[in-house]
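Here are the chains, one letter per residue:
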Amino acid sequence: MATVTEPRRQTRKAFQTKLLINGQWRDSVSGKTFATINPATEEPIAEVAEGDATDIDLAVKAARRAFDTGPWRKTDARDRGRMMNRLADLIEQHIDELAELETLDNGKPIQESRNADLPLVIDCFRYYAGWADKIHGQTIPIRGNYFCYTRREPVGVAGQIIPWNFPMLMIAWKWGPALAAGCTVVLKPAEQTPLSALRLGELALEAGYPEGVINIVPGFGETAGAALVAHPGVDKLAFTGEGRTAQIIMRGAADSLKRITFELGGKSPNIVFADADLEAAVNGSLLGLYLNQGQCCCAGSRLFVQDTVHDRFVDQLAAKVKARKLGDPFDASTQQGPQVDQAQFDKIMSYIAKGRDQGAKCVTGGERFGNKGYFISPTIFTDVKDDMAIARDEIFGPVLSVIKFREIEEVIERANTTDYGLAAAVWTRDIGKAHAIASRVRAGTVWVNCYDVFDAAAPFGGFKRSGIGRELGEKALDNYTELKTVTIALD
Ligand code: NAI
Ligand code: MG
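Every value quoted in this text rests on a predicted model; they were computed, and no experiment measured them.

Q: Help me understand helix α3 (residues 95–106), please; the structure alone is not making it clear to me.
A: Because an α-helix packs 3.6 residues into every turn, residues spaced three or four apart end up facing the same way. With 12 residues, α3 should reach 16 Å at 1.5 Å per residue; the first-to-last C-alpha distance of 16 Å fits that figure. Taking burial as the measure, the 12 residues of α3 include 11 buried ones, the bulk of the element. Restricting attention to buried positions, one finds in α3 the residues Ile95, Glu97, Leu98, Ala99, Glu100, Leu101, Glu102, Thr103, Leu104, Asp105 and Asn106. In this structure, the buried residues of α3 make contact with β3 (33–38), β4 (43–49), α2 (77–93), α4 (110–131), α5 (167–181) and α6 (195–207).

Q: Is there a simple way to explain the packing of aromatic side chains in this structure?
A: Aromatic ring pairs: the centre-centre distance and the angle between the two ring planes describe each pair. With the rule as written, the count across this model stands at 15 aromatic pairs. Between Phe273 and Phe405, the aromatic rings sit 5.3 Å apart at their centres with planes inclined by 90°, giving edge-to-face as the arrangement. Here Phe273 is found in the loop between β12 (269–272) and α9 (278–290), whereas its partner Phe405 is found in strand β16 (residues 399–405), with 132 residues between them in sequence. Overall, the relative accessible area of 1% leaves Phe405 in the buried class. The structure contains a cluster of three or more aromatic residues connected by ring pairs, namely Trp173, Trp447, Tyr451, Phe454 and Phe460. When the ring centre of Tyr351 is taken as origin, the NZ or CZ atom of Lys354, which lies over that ring, is 4.4 Å away.

Q: Would you mind going over the state of the cysteines with me for this structure?
A: By definition, a disulfide links the sulfur atoms of two cysteine residues through a covalent bond. Across all of its chains, the model carries 0 disulfides by this definition. In this model Cys183 remains outside any disulfide bridge; the closest cysteine sulfur is found in Cys124, 15 Å from its own. Among the residues examined, Cys183 registers a relative accessible area of 0% and is labelled buried.

Q: Just to check I follow, could you spell out the sheet that holds strand β13 (residues 302–306) for this structure?
A: Strand pairing within a sheet occurs via backbone hydrogen bonds; the two strands may be parallel or antiparallel. As summarised here, the arrangement of the 7 strands in space is β14-β15-β16-β13-β12-β17-β18, forming an open sheet in which the pairing is mixed. The strands lining the two open edges of the sheet, one partner per strand, are β14 (361–364) and β18 (445–448). Each strand of the sheet is rotated relative to its neighbour by a mean of 25°, with strand direction disregarded. In terms of strand pairing, β13 meets β16 through 5 bridges, oriented parallel. Within the sheet, the bridge partner assigned to Gln306 lies in β16 and is Phe405. In the packing of helix α10 (residues 310–322) onto the sheet, contacts are made with β12, β13, β14, β15 (379–382) and β16, and the angle to β13 comes to roughly 140°.

Q: Quick question: what am I supposed to make of the pattern of salt bridges here?
A: Pairs can form between side chains of opposite charge whenever their charged atoms are close. This model, assessed by the stated rule, comprises 29 salt bridges. Across the pair Arg368 and Glu42 runs a salt bridge whose closest N-O atoms are separated by 3.2 Å. In this pair, Arg368 is assigned in the loop between β14 and β15 and Glu42 in the loop between β3 and β4, connecting sequence segments 326 residues apart. A relative accessible area of 34% means that Arg368 is categorised as partly exposed. Among the salt bridges present, the one from Arg414 reaches Asp386, with a minimum N-O distance of 2.7 Å. Of this pair, Arg414 sits in helix α13 (residues 408–416) while Asp386 sits in the loop between β15 and α12 (389–392), and the two are 28 residues apart along the sequence. Classification of Arg414 by relative accessible area gives buried; the value is 19%. When salt bridges with common partners are traced through the structure, they connect Arg64, Asp68 and Asp235 into a single cluster.

Q: What am I meant to see in a nonpolar patch on the surface here?
A: Judged by side-chain polarity, Ile140, Ile142 and Tyr146 come together as a nonpolar surface patch covering roughly 230 Å² of accessible area. Topologically, Ile140 is positioned in strand β5 (residues 139–140). Look at Ile140 and you get partly exposed, because its relative accessible area is 31%.

Q: Help me out: how do you make sense of the layout of surface pockets in this one?
A: The probe, sized like a water molecule, is rolled over the atoms to show the empty space still left. One number sums up the size of the second largest pocket: a volume of about 300 Å³. Taken together, 19 residues line the second largest pocket, and the ones lying closest to its centre are Arg80, Arg152, Glu153, Pro154 and Ala181. Of all the elements in the fold, those that place two or more residues in the lining of the second largest pocket are α2 and β6 (146–154). Here the lining of the second largest pocket takes 4 residues from β6, the largest share from any one element.

Q: Looking at this structure, how should I read the site of ligand 1?
A: Neighbouring residues of ligand 1: 28 residues in total, closest Trp164, Glu191, Gln344, Lys347 and Glu394. Take Lys347: an N or O atom from its side chain is 2.6 Å from an oxygen atom of ligand 1. The protein chains hide 92% of the 810 Å² of surface that ligand 1 would expose on its own. For the shell around ligand 1, the secondary-structure elements that each account for two or more residues are α7 (221–230), β10 (236–240), α8 (243–254) and α11 (342–357).

Q: Looking at this structure, how should I read the nonpolar core?
A: Counting 97 residues, the largest nonpolar core has Ile91, Trp175, Tyr209 and Ile214 as the members making the most contacts within it. Per element, the largest residue contribution to this core is 11 residues, and it comes from α5. Dropping the residues within four chain positions of it, Trp175 is found in contact with Met84, Leu87, Phe125, Gln160, Ala180, Val185, Leu187, Leu200, Gly201, Ala204, Ile214 and Ile216.

Q: It is not clear to me how the side chain of Asp117 should be interpreted in this structure. Could you clarify?
A: Assignment of secondary structure puts Asp117 in helix α4. Excluding anything up to four places from it in sequence, Asp117 contacts Lys108, Glu112, Phe166 and Leu169.

Q: It is not clear to me how α7 should be interpreted in this structure. Could you clarify?
A: Of all the residues in α7, the buried ones are Ala224, Gly225, Ala227, Leu228 and Val229. Those residues of α7 that are buried are in contact with α1 (53–68), β7 (157–161), β8 (184–188), β10 and α8.

Q: Looking at this structure, how should I read the packing of α2 against α6?
A: Put simply, α2 and α6 touch, their axes get as near as 9 Å, and they point 130° apart. It follows from the interaxial angle that α2 and α6 lie oblique. When the axes of α2 and α6 are compared, the crossing they make is right-handed. Side by side, α2 and α6 meet where Met83, Arg86, Leu87, Leu90 and Ile91 of the first sit next to Leu200, Leu203, Ala204, Glu206 and Ala207 of the second. Its residues placed into classes, the contact of α2 with α6 shows 8 nonpolar, no polar and 2 charged.

Calculation criteria
- Residue positions are given per chain, counting from 1 as you read along its sequence in written order.
- Each chain takes a letter, starting from A, and each ligand takes a number, starting from 1, following the order in which they are written.
- Predicted model: local features are reported for residues with pLDDT of at least 70 only, side-chain atom pairs are reported and counted for 80 or more only, and whole-chain, interface and lining totals are derived from all residues.
- Water and hydrogen atoms were dropped before computing side-chain values, which therefore reflect all heavy atoms in the structure.
- Secondary structure is summarised from DSSP: a helix means a run of H or I of at least four residues, a strand means a run of E of at least two, and numbering begins at the N terminus for each.
- Any helix carries an expected span of 1.5 Å times its number of residues minus one.
- When a residue's accessible area, from a 1.4 Å probe over protein chains only, is under 20% of the maximum for its type it is buried; when over 50% it is exposed; and in between it is partly exposed.
- When checking whether two residues touch, look at their non-hydrogen atoms; a contact exists if any pair is within 4.5 Å.
- Any pair of Phe, Tyr and Trp rings, taking the six-membered ring for Trp, is counted once the centres come within 6.5 Å. Such a pair is stacked with planes under 30 degrees apart, edge-to-face with planes over 60 apart, and tilted for the rest.
- Ring-over charges, as used throughout, are those where CZ of Arg or NZ of Lys falls within 6 Å of the ring centre and within 35 degrees of the ring normal.
- Disulfides are defined as cysteine sulfur pairs within 2.5 Å.
- Strand pairing requires that DSSP identify at least two bridges connecting the strands.
- Each axis is a line fitted through C-alpha atoms, and for a helix only the stretch in contact is used; angles between axes span 0 to 180 degrees, taken between their N-to-C directions.
- Between Lys or Arg on one side and Asp or Glu on the other, a salt bridge is scored when a side-chain nitrogen of the former is within 4 Å of a carboxyl oxygen of the latter.
- Two joining distances apply to patches: 9 Å for like charges and 5 Å for nonpolar side chains (Val, Leu, Ile, Met, Phe, Trp, Tyr), and every residue must have over 30% relative accessible area and no salt bridge.
- Residue exposure ignores everything except the shown protein chains as possible cover, and the areas themselves are Shrake-Rupley values with a 1.4 Å probe.
- The distinction between a cavity and a pocket rests on a 1 Å grid over the protein atoms alone: a 1.4 Å probe fits inside a cavity but cannot get out, while a pocket stays open yet meets protein on both sides within 12 Å along at least five of seven lines, and a residue with an atom within 4 Å of a point counts as lining.
- Grid points are joined across faces, edges and corners, and a volume is the space filled by probe spheres set on the points.
- Nearness is defined per residue: one heavy atom within 4 Å of the molecule or strand is enough.
- Polar contacts here mean pairs of N or O atoms no more than 3.5 Å apart (in protein, one a potential hydrogen donor and the other a potential acceptor; neighbouring residues in sequence count only if both atoms are side-chain atoms).
- Among the buried residues, those of types Ala, Val, Leu, Ile, Met, Phe, Trp, Tyr and Cys that are joined through side-chain atoms within 4.5 Å form a nonpolar core.
- Oblique is the label for any angle not under 35 degrees, not over 145, and not in the 65 to 115 range, which are roughly parallel, roughly antiparallel and roughly perpendicular in turn.
- Less than a right angle of anticlockwise turn of the near helix away from the far helix marks a crossing as left-handed, whereas a clockwise turn marks it as right-handed.
- Charged means Asp, Glu, Lys or Arg here, nonpolar means Ala, Val, Leu, Ile, Met, Phe, Trp, Tyr, Cys or Pro, and polar covers whatever is left, Gly included.

This is a description of form; function is not addressed.
Here is the structure:
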């Protein structure tokens, strides 16, 4: 295994660290800053302007002005699409620099930033650029001599609060449909990973977005985030993160009756039947849990394996997990980097301890890796029971719970015994079983003989406590548009 070394290949020495408000880069009104930390070294990368309620107020007012009276309102839909394509082109031109920035701030392996996150970011912007001039209403044959039609108008100022696990990709999911629809935005990036958002802000200005259309206020959730949630000038709020935070946000948004969409956590069942292509299932299960250090809302963290192949499957999986290469995320061969911060590291280690205490068997991993950086050895627990903490709670780390099952009815019931409903997967060569799982597991996404297949065109979001609404695809445009019905008497 590689040792943890200093990140290399930092092509950009100076970082944008200010707030973007009304097209200008400025310090926070309080003058406060906070450090963003390199999770591979635990050392600070840069001091970033710390926005709070005062800065949020300025940003919302700028977004409000840009929406209500600025030139943005009069921009042709097709030109909004062209602007977004320009942003996508600029991101593509700076793809290496942006991938390195993401890896530096988040700790994810450079081969993932460069070959997974960034291509998905670019694709998402291009996809929504194509929608900008295709958002239209209908004519409706109502009773009487009337001409009735609908218009789809932008909802207004969108407040967007995002997490740190896919910093730029979460921006693309949020800005794409919002800006295509003609909204203006105030983004609060996660305090762990503000740098790539600010760099995208620079590129957005270069792409030609008018002042006030895109505002970015880094800061903490309880201050900047809460102020954005409560601000009466915000029409719509989109949040991705923890369910508990979503509950606070829902209460905070109640006074102003904001439209809200949530993309929250999961404890997704990944079901392997004995008749599956086991090698494909092993590889898919590996990806489904350990991608991005296990910090994925849709992680396949409950791996149900049919009893007749259970031991063989676990052996094959454990061999691959043990061979995973941890270390310097800037090393092109690294497969797993550090967790994002001390809090996430501590949370994951506490779940590993609970797994052991409650009687699960740790087959591999289960400890810190190295002595610098928030690295955790990829971990597999077997003999996991449905009521153990590691089978119920979202761990958000490289910890897999393997659960044995016997037959299909049983596994469907157990798969659904969760408050979450974000994703699920099934591995089988039997099309009947595949369809049964696809129709009966209560989750927003079901993958059959694959995992983590994402596309900007395919809606994503959760049943139950995994969310409200859908992102991506045509569906996400609904989040950022109001439908207006116009009825005209013809005589
Ligand atoms: P979080 O939900 O607290 O943070 C996500 C975003 O919300 C950040 O930008 C944060 O500043 C903001 N925020 C926090 N409190 C807020 C408040 N009161 N009002 C407005 N905004 C607020 O998630 P955190 O603490 O980073 O991670 C905790 C757990 O949440 C993770 O261990 C994981 O289980 C889950 N999570 C799920 C994600 C997903 O993709 N569904 C992403 C990140 C975390
Ligand atoms: Mg939190």
